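# Chains, contacts and geometry: an overview
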Amino acid sequence: MQLQSTCPYCGVGCGVRVEGQTDLQISGDSEHPANYGRLCVKGSALAQTLGEQGRLLAPKVDGQTVSWPEAIDAVSSRLSAIVAEYGPASVAMYLSGQLLTEDYYVANKLMKGFIGSPHVDTNSRLCMASTVAGHKRAFGADIVPGCYADIELARCYILVGANMAWNHPVLFQRIQACKQQDPGRKIIVIDPRRSASCEGADLHLALKPGTDLLLFNGLLSFLAKENQLDHNFIKAHTEGFSEALASAQQQAGTIEQVALGCDLPPEQVDAFYRCFIDEPLTLTLFSQGVNQAQNGTDKVNAIINCHLATGRIGKAGRGPFSLTGQPNAMGGREVGGLANQLAAHMDYSQNADIELVRQFWQAPNICHQPGYKAVDLFEAVERGEIKAIWIMATNPVVSMPEANRVRAALEACPLVIVSDIVSHTDTIACADIVLPATGWSEKDGTVTNSERRISRQCTLLPAPGLARHDWQMICDVAKAMGFAEHFTYAGPAAIFAEHAALSAYQNSGQRAFDLSGLMHLTAQQYQDLAPVQWPVNHKYPKGASRLGADGQFYTPSGKARFIAVSQQQNAELAADHLLLNTGRIRDQWHSMTRTGRAASLLQHRAEPFLELHPVDAEQLGLIDGGLARLSNSLGQMDARVRLTEAQRSGECFVPIHWTEQFSSRGRCDVLVPALVDPVSGQPALKQAQVQINPLNLHWQVWLILKPELDELLWPLCRSSGYASKQKSAQTVLYHLQLAESDLATTADSGLDPTKLQLWLSALHIQPELSSQALSLGHYRAAAFEAEQLSCCVFISLQPLNLALEYLDQQFNKELSLNDRRQLLTGRSNSGEPQSAVICSCFQVREASICAAIREGCNSYQQLGQQLKCGTNCGSCIPELKALIASEITTQGQSL
Ligand code: SF4
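Residues numbered from 1 in each chain as written. Predicted model: local features only at pLDDT ≥ 70, side-chain atom pairs only at ≥ 80, totals over all residues. Heavy atoms only, no water.

Here the focus is the pattern of salt bridges. One pass over the full model with this rule turns up 46 salt bridges. Among the ionic pairs, Asp142 bridges to Arg333, the shortest N-O distance being 2.7 Å. Note that Asp142 is positioned in the loop between helix H4 (129-139) and helix H5 (149-153) and Arg333 in helix H15 (residues 329-335), a separation of 191 residues in sequence. Arg333 shares its class with Asp142; the two are buried. (Salt bridge = Lys/Arg side-chain N within 4 Å of Asp/Glu carboxyl O. Helix = DSSP H or I, 4+ residues; strand = E, 2+ residues; numbered from the N terminus. Buried < 20%, exposed > 50% of the residue type's maximum accessible area, 1.4 Å probe, protein only.)

Rendered as structure tokens:
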């Protein structure tokens, strides 16, 4: 039987088809309008992330495993006691764009209507809040005017602060396919880094970080100067144009002013502006590089201003397009999951809306004021004002700015409840009560993607252990707190029907979010719901592809608003500091609780890394492949150095994904100050300042072990020196780097036998087989259990090119004496040289790809024919193109 569902990662929201009952085969859904059959590397590896290993299988209260009735009783009685003593505003929820809309809806309803606390915020605050605020300012409602089908209709794509090739890969592939069909189409990338999205772009503006507002204000001025404004549209459908233009002209009246402020060549600015003028079918796609800034909301409005000025909005093939980061960031916005919202796109600004929601919910304790946004929320926890917090499906100890402060605040908080799918996260380590949640493939409900399209996520597998759906836990707690009448649902279909009915309640068109056409679905119709874009109502019975096409918006006047914005001075970079940019990588998702389980996804980037320009590296004494410590007054992060000219000098980049479950010191947000956009409250996650020093840990250690030993050994190994962890097919691999004092007496004396023995004993490793030349710093050993390999150790002063796949394959089988000897060499007889995996789908390594290029493959298509790389999900195609360009350049130089 074949079932349909939706990928749980990024905001593209790709449809998947699933076959099999226990061993699932997952492929792209050729009928889903988000992807038409495509999947990126993360979606393609979904089946590898399933299974019970590492899952949280039973509730725990104060470290003790308990039954569900005991867990619900502990949660509800402790919450009730805190509310009774300190009032409802002493409890909070911190939710997630990973939750389904139905989970989100009941959480929001319980807090804002029944417990009576407005302090419900979500990790979407870190990702989308500035876009929400920008949309509301411009359109009067949080609407995305366009749709994905505009990609095929557009002729110019402007990617702003969005590395779509890695973060929204399937949409990027759609753009690439259009470009391939018609090379006259233009791709312009606006990003300080030369990211993978720049491969094949017509123009890359590597602007100074944070100056995109100036660039778009310059574009507005230029449009006016060149008489390219749509005066009819401006007059009939907008307000505030003169003020916005005056503000833009003041700072960005000439190309030279813009070029100087953005640190760009004037001719590049000119080329961008002329391209915008020449090509009316323009989509401006933006994401975290725009949102995650102290002026994120203003940047969003600067982009929208240019589209309003040219009337390019809500029409086929044109418009500003916000790319949501998470699979259900949009669903969270719909139910009111942000602290400044109430429900169903209503907020606290009008008493009538508050009364409407109160009536609909029959709520005894409706909130009247906005609650704390994420940064303020955790500061209230720190102050002791919030005494209980329920965190669902997210990991704030990793992802919040000033993450060490957040951890300390949670450690001191009287009641921390965490619901999650895995047994260990950095946030669970602070929890008093841990609740096992169902994950993708077990859950059932809906999500909404970047284009307002609601799709079903369906149950494909039974819940493992005692795991429960988030909506069930929330409703059980609500019932135990005395609200049973309002939280008894037959299932997610009933919750969705109520959510849809609230959107329709007393809505005669003044609220954009309207699902009245879906409020009477039967359970079966809900089960079979085809992907549909809201609103779904009498005006748009089949959903609406575009909004604003009729020039009607949701402001009191019905007109869209220009917003006058101006570029603020960036903070001065302190002496000896680099500007730190943070972001996602191609093969990982958030804090790796799911993608970290897929061996193939840890081959592309296996450990936390730091990218910086070779000129900076030389000044700082850093080498490619060495270790670096990033630090500032807030914290420290350790990472492997990658030198790249794609990075501007004076700036650097680290990934957001690594946690203490996978690295010793890989959490980047410990370095990021809690500065927020004043309108949206979104933290500026891309503008920390750091000092960087080499981390001189000379002893390299590789430990390859069977997974059963991981829980015992990882806490021991990550506590000294540097450690990173990687899952392989059958084993777990630790790469450690230790100081002289851990293993040797002096720097050049080789391994000290006493210290080595102590180190092995501390890890409970008793080798049966070894190869050693301690004075030369050489030690290799293997330990066995019941004749099968349980662990092997390689220690060296030099990096070792171990054949990790071969070593992984030596576990779970009988080994002959010869096999055992071979094992200690760290190589198979005929192994492929070890290098980074570029194509995760077919595990094709960089060394093989470069060899094929040297032998004559000079296009990614030829590489695909020869090695299969890039022929499944296509996520690696930008890197294949970059390798071809770099190998050809190298060959040219050596001629
Ligand atoms: S682009 Fe990739 S991660 Fe995003 S929804 Fe599609 S398959 Fe999932």
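Another point: the sheet that holds strand S32 (residues 769-773). Strand order in this open sheet of six strands is S30-S31-S29-S34-S33-S32, and the pairing throughout is antiparallel. The strands lining the two open edges of the sheet, one partner per strand, are strand S30 (722-727) and S32. Going from strand to strand, the sheet's axes swing by 10° on average, the running direction of each strand aside. Where S30 lies against strand S31 (residues 732-738), six bridges are found, and the strand directions are antiparallel. The residue of S31 that forms the bridge with Gln726 is Leu733. With respect to the sheet, helix H24 (residues 710-717) is in contact with strand S29 (699-705), S30 and S31, its orientation differing from that of S31 by roughly 20°. (Pairing = 2+ DSSP bridges. Axes fitted to C-alpha atoms, helices over the stretch in contact; angles between N-to-C directions. Contact = heavy atoms within 4.5 Å.)

What follows concerns the sheet that holds strand S4 (residues 60-61). Judged by pairing direction, the sheet is mixed, and its seven strands sit side by side in the order S5-S4-S18-S17-S16-S6-S7 without closing on themselves. Edge positions in the sheet fall to strand S5 (64-65) and strand S7 (120-122), since each has one partner strand and no second. Bridge analysis of strand S6 (residues 91-95) against S7 gives three bridges, and the strand direction is parallel. Within S7, the position partnered with Leu95 by the bridge is Thr122. Sitting on the sheet, helix H3 (residues 101-115) is in contact with S6, S7 and strand S16 (388-392), with an inclination near 160° to S6.

Take the packing of aromatic side chains next. All told, the structure shown has 16 aromatic pairs when counted by the stated rule. When the ring of Phe114 is compared with that of Phe483, the centres are 5.4 Å apart and the planes differ by 65°; the resulting orientation is edge-to-face. Remark: Phe483 occurs in helix H20 (residues 470-483) and Phe114 occurs in helix H3; sequence separation between them is 369 residues. Assigned by exposure class, Phe114 and Phe483 land together as buried. Considering the side-chain rings of Phe272 and Tyr273, the 5.5 Å spacing of their centres and the 50° angle between planes classify their relative orientation as tilted. Summarising the burial analysis for this pair, Phe272 and Tyr273 share the class buried. Ring-pair connections join several aromatic residues into one group, and the members of that group are Phe216, Phe222, Phe272 and Tyr273. We note Arg605 situated over the ring of Phe609; from NZ or CZ to the ring centre the distance is 5.5 Å. The ring of Phe662 has Lys725 sitting right over it, with the charged end atom 5.9 Å from the ring centre. (Phe/Tyr/Trp six-rings, centres within 6.5 Å; stacked < 30°, edge-to-face > 60°. Lys NZ or Arg CZ within 6 Å of the ring centre and 35° of its normal.)

An ideal rise of 1.5 Å per residue puts 27 Å on 19 residues; helix H2 (residues 68-86) measures up with 27 Å between its terminal C-alpha atoms. Where H2 is concerned, the buried positions are Trp68, Ala71, Ile72, Ala74, Val75, Ser76, Leu79 and Ile82. Where H2 terminates, the next one or two residues include Gly87, which has phi positive at roughly 95°. (Expected span 1.5 Å × (residues − 1).)

Let's shift gears to the environment of Ala606. Inspection of the secondary structure puts Ala606 in the loop between strand S23 (578-583) and strand S24 (609-612). For Ala606, a relative accessible area of 24% corresponds to the partly exposed category. Separated by 52 residues in the primary sequence, Ala606 and Trp658 have C-alpha atoms spaced 10.0 Å apart.

To continue, consider the pairing of S31. Counting buried residues along S31, seven of its seven residues qualify, which places the element largely inside the surrounding structure. Neither face of S31 is open: one carries Val732, Tyr734, Leu736 and Leu738, the other Leu733, His735 and Gln737, and all of them are buried. In the sheet, S29 pairs with S31 via seven bridges, with the strands oriented antiparallel. Within S31, the residue paired with Val701 across the bridge is Leu736. Counting the residues that bridge the hairpin from S30 to S31 gives four residues.

Attention now goes to the nonpolar core. Core analysis: the largest hydrophobic core is formed by 173 residues, its most contacted members being Tyr157, Ile190, Leu215, Phe216, Phe272 and Trp390. Those residues in contact with Phe216 that lie beyond four places of it in its chain are Ile158, Val160, Ile190, Phe272, Thr284, Ala302, Ile303 and Cys306. If you look at the next biggest cluster of nonpolar residues, it comprises 46 residues, including Leu126, Ala380, Ile389 and Ile428. (Core = buried A, V, L, I, M, F, W, Y, C linked by side-chain atoms within 4.5 Å.)

Now for unusual backbone geometry. Residue Pro535 is bonded to the preceding Trp534 through a cis peptide linkage, with omega at 0°. Within the secondary structure, Pro535 sits in the loop between strand S21 (532-533) and strand S22 (560-561). Non-glycine residue Tyr36 carries a positive phi angle of around 45°. Inspection of the secondary structure puts Tyr36 in the loop between strand S3 (25-28) and helix H1 (41-44).

Here helix H7 (residues 169-181) is 13 residues long and its end C-alpha atoms lie 18 Å apart, about the 18 Å a rise of 1.5 Å per residue gives. Extensive coverage of H7 is indicated by the burial of ten of its 13 residues. Among all positions in H7, only Pro169, Val170, Leu171, Phe172, Gln173, Arg174, Ile175, Gln176, Cys178 and Lys179 are buried.

Here helix H17 (residues 374-383) crosses helix H19 (residues 403-412) at 45°, and the two axes come no closer than 8 Å. It follows that H17 is oblique to H19 by the angle criterion. Considering the relative orientation of H17 and H19, their crossing is left-handed. Across the interface between the two elements, Phe378, Glu379, Val381 and Glu382 of H17 pack against Arg405, Val406, Ala409 and Leu410 of H19. Here the residues of the contact of H17 with H19 are counted per class, giving five nonpolar, no polar and three charged. (Parallel < 35°, antiparallel > 145°, perpendicular 65-115°, else oblique. Left-handed = near helix turned anticlockwise from the far one by under 90°. Nonpolar A, V, L, I, M, F, W, Y, C, P; charged D, E, K, R; others polar.)

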